[in-house]
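This is what each chain is made of:
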Amino acid sequence: MNRRSLLYAMYEAMLEALGPSHWWPGETPFEVAVGAILTQNTNWSNTSRAIANLRSAGLLSPGALAALPDSRLAELIRPAGYFRLKAARLKNFLRFLRDEAGLSMATLAGKGLATLRPKLLEVKGVGPETADSILLYALGQSTFVVDAYTRRILSRHGLVPEDAGYDEMRDLFMGALDADPALYNEYHALLVRVGKDFCRPKAPRCATCPLAAFLER
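Fair warning: this is a prediction, and the values are worked out from it, not measured in the lab. (Residues numbered from 1 in each chain as written. Predicted model: local features only at pLDDT ≥ 70, side-chain atom pairs only at ≥ 80, totals over all residues. Heavy atoms only, no water.)

(A) Looking closely at the nonpolar core. Counting 72 residues, the largest nonpolar core has Phe-93 and Tyr-187 as the members making the most contacts within it. Per element, the largest residue contribution to this core is 8 residues, and it comes from helix H6 (residues 83-101). Sequence-distant contacts of Phe-93, defined by excluding residues within four places in its chain, comprise Phe-30, Ala-33, Ile-37, Met-105, Leu-120, Val-123 and Ile-134. (Core = buried A, V, L, I, M, F, W, Y, C linked by side-chain atoms within 4.5 Å. Buried < 20%, exposed > 50% of the residue type's maximum accessible area, 1.4 Å probe, protein only. Helix = DSSP H or I, 4+ residues; strand = E, 2+ residues; numbered from the N terminus. Contact = heavy atoms within 4.5 Å.)

Structure follows, in structure tokens:
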């Protein structure tokens, strides 16, 4: 089985076993982008509490957050951890959004992946995983998101070495799969679910894993 066929077969096996993921949670593209920054180094439960604080305060819009004092923003997002650092990162992203698109996520989305990704990676505090999460989930761009779950699953199935770099893993998917944001969205979400529930760091549940049939690789 070639790599393209294998990756599609793995996708179909996960989707059949687990069903659609309906990910990423967020009511607007801007909220999704905020979530991508806040979820760094924490779990989604903490992130959602921080977002709920912003929503309750009526601040989940680019203009409102841009005008908010840094100290107040940090206090509101405290549940996400590293709240002062993440407040600074949110403000960095907001400056980027203002400079590139007049604080409009729709305008930003219209610029295209080849233009946006290098510029987004220049924003302080936005690494490849966060950048690709914003590009894919908030802006609908055809880029694949790689995370720790992806690395663990790929390495255990012999598709990449354990020390593979981010771009190597991203290129693996983007070189084999059709450039379809919906496919990339669902594929990454399914990998996260398998990584959390089956392909765990310790005591993996290989026998009942949706990808058990592919383990011999």
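And the narrative resumes.
(B) The pattern of salt bridges, seen in detail. Tallying each qualifying case throughout the model produces 9 salt bridges. Among the ionic pairs, Asp-178 bridges to Arg-4, the shortest N-O distance being 3.2 Å. Of this pair, Asp-178 sits in the loop between helix H11 (166-176) and helix H12 (181-197) while Arg-4 sits in helix H1 (residues 3-18), and the two are 174 residues apart along the sequence. Looking at Arg-4, the relative accessible area reads 38%, which means it is partly exposed. The partner of Arg-98 in a salt bridge is Asp-99, and the shortest N-O contact between them spans 3.1 Å. By relative accessible area, Arg-98 is classed as partly exposed at 44%. Take Asp-99: its relative accessible area is 58%, and that puts it in the exposed class. Each of the salt bridges in this network shares a partner with another, and the network as a whole consists of Glu-27, Glu-31 and Arg-55. (Salt bridge = Lys/Arg side-chain N within 4 Å of Asp/Glu carboxyl O.)

(C) Here's a closer look at H1. Over its 16 residues, H1 extends 22 Å from the first C-alpha to the last, a length consistent with the 22 Å expected when each residue adds 1.5 Å. By the burial criterion, the buried members of H1 are Leu-6, Leu-7, Tyr-8, Met-10, Tyr-11 and Met-14. Elements that come into contact with the buried residues of H1 comprise H11 and H12. The backbone nitrogen of Arg-4 lies 3.2 Å from a side-chain oxygen of the residue at the head of H1, namely Asn-2. Following H1 by one or two positions, Gly-19 has its phi on the positive side, about 80°. (Expected span 1.5 Å × (residues − 1). Polar contact = N/O pair within 3.5 Å; in protein donor to acceptor, adjacent residues only side chain to side chain.)

(D) Spotlight on unusual backbone geometry. Each neighbour pair has its own omega, and for Trp-23 with Trp-24 the value is 25°, a cis peptide bond. By secondary structure assignment, the location of Trp-24 is in the loop between H1 and helix H2 (29-38). Phi angles above zero are rare outside glycine, and Tyr-82 is one such case at about 45°. Along the chain, Tyr-82 falls in the loop between helix H5 (70-76) and H6. Positive phi, normally seen in glycine, also occurs at Leu-103, with a value near 65°. Locating Leu-103 in the fold gives a position in the loop between H6 and helix H7 (105-109).

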